[in-house]
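These are the residues of each chain, in order.
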Amino acid sequence: MPEFILYDVADGVATITLNRPDRRNAQNEALLDELNDAWERAAADDDARVILLNANGPHFSAGHDTSPDANKDSKTIARIGAGIKQSGTMELYSREARHFLGFSRRWRDIPKPSIAAVQGACIAGGLMLAWPCDLIVAADNARFSDPVVLMGIGGVEYHGHTWELGARKAKEILFMASSITAEEARELGMVNRVVPVDELQNTAREMALRIAGMPPHALAMAKRVVNQTLDIQGQYAAIQACFDIHQLGHASAYVQSGKFVLTDHQGIKKAAT
Ligand code: ZN
């Protein structure tokens with residue numbers, strides 16, 4: 001049984017729920033593996049015509065779980081393959097290629113419509129759960145941010161920023177480690193609808209039910225034409241290239257501090273000296 005994810009199918013809608021509210025749905029590798037299993041289950045289930053991703057608790061996701069013991073029981077090395085077990089930066093590259101770039105790309109391309117319902121904080125890695133969904137409905141208390149420049153990195157592993165927000169806003173939130181509100185996200189085109197927080201679930205579900213009544217093959221093609229257009233514009237190649245730049249950030253932080261991210265604003269102190 002999954003520990004961190006709930007899964008349910010009813011009326012043509014597969015509902016996947018992040019269920020680690022005591023940790024603000026922070027993502028360890030086990031949660032991400034369970035989440036990917038849920039997406040794959042929905043992808044393979046003919047009764048699941050639409051996928052609805054939501055989160056229990058006041059916050060959608062605080063991002064990656066960076067606590068020291070977050071992945072102590074992780075099966076990732078076994079899943080990557082013991083035969084190619086690596087160390088240092090290449091191990092990090094392989095782990096992040098699987099859990100962050102790989103999963104987000106896979107979810108984005110599953111040929112069924114998906115909707116994310118987002119409330120509260122959606123920080124850094126939280127964006128990588130919402131952005132791959134086809135539609136995003138936000139509660140009016142939702143806030144979106146990616147403050148990882150403070151950690152010596154140029155943005156999370158899946159560079160949706162420029163595509164979702166436009167170049168200038170993407171730079172602003174990265175440079176200033178600032179957040180945008182649900183309404184700003186809607187104005188920028190990143191969010192489809194903003195509703196009062198107590199209406200979030202019903203609104204997302206009503207949209208899912210309406211879509212579930214549409215012809216599945218036509219929906220798959222409608223999704224494909226939009227995603228294919230983005231990829232012809234370069235989205236696929238850009239996100240892959242930006243993932244490698246992200247890894248350069250980890251390597252640079254490691255050279256500076258002996259850890260793959262800077263802590264306690266080491267980067268700011270170094271720049272000031
Ligand atoms: Zn990373």
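Residues numbered from 1 in each chain as written. Predicted model: local features only at pLDDT ≥ 70, side-chain atom pairs only at ≥ 80, totals over all residues. Heavy atoms only, no water.

## Structural notes on helix α6 (residues 167–176)
1) Next: Of all the residues in α6, the buried ones are K169, A170, I173 and L174. Around the axis of α6, the buried residues are gathered within 130° of arc, so they sit on the same side. Facing away from the buried side of α6, by more than 90 degrees, are the exposed residues R168, F175 and M176.
2) Next: Those residues of α6 that are buried lie in contact with α5 (161–165), β8 (179–181) and α7 (182–188).
3) Next: Looking at the residues trailing α6, positive phi occurs at A177, about 50°. (Buried < 20%, exposed > 50% of the residue type's maximum accessible area, 1.4 Å probe, protein only. Helix = DSSP H or I, 4+ residues; strand = E, 2+ residues; numbered from the N terminus. Arc of directions from axis to C-beta. Contact = heavy atoms within 4.5 Å.)

## Quick word on the coordination of the zinc ion
1) Next: Only E96 (OE), E96 (OE), E157 (OE), H246 (NE2) and H250 (NE2) from the protein coordinate the zinc ion, and they sit 2.0 to 2.3 Å from it.
2) Next: Donor residues for the zinc ion sit on one chain with the sequence pattern E-x60-E-x88-H-x3-H. Here the residue E96 occupies a position in helix α3 (residues 88–109), and H250 occupies one in helix α10 (residues 235–257), the gap between them amounting to 154 residues. (Donors = N, O, S within 2.8 Å, 3.2 Å for Na, K, Ca; no water.)

## Description of the sheet that holds strand β2 (residues 13–18)
1) Next: Reading across the sheet, the six strands line up as β1-β2-β3-β4-β6-β9 and stay open at both edges, with mixed pairing between neighbours. Across the chains shown, the open sheet's two edge strands, defined by having one partner strand only, are β1 (5–10) and β9 (193–195). Between one strand and the next, the sheet's axes are offset by a mean angle of 20°, whatever the strand orientation.
2) Next: Looking at chain direction, β2 and strand β3 (residues 50–55) are connected through six bridges and run parallel. Bridge pairing in β3 links T17 to N54.
3) Next: Where helix α1 (residues 29–44) meets the sheet, it contacts β1, β2, β3 and β4 (114–118), and its direction lies at approximately 10° from that of β1. (Pairing = 2+ DSSP bridges. Axes fitted to C-alpha atoms, helices over the stretch in contact; angles between N-to-C directions.)

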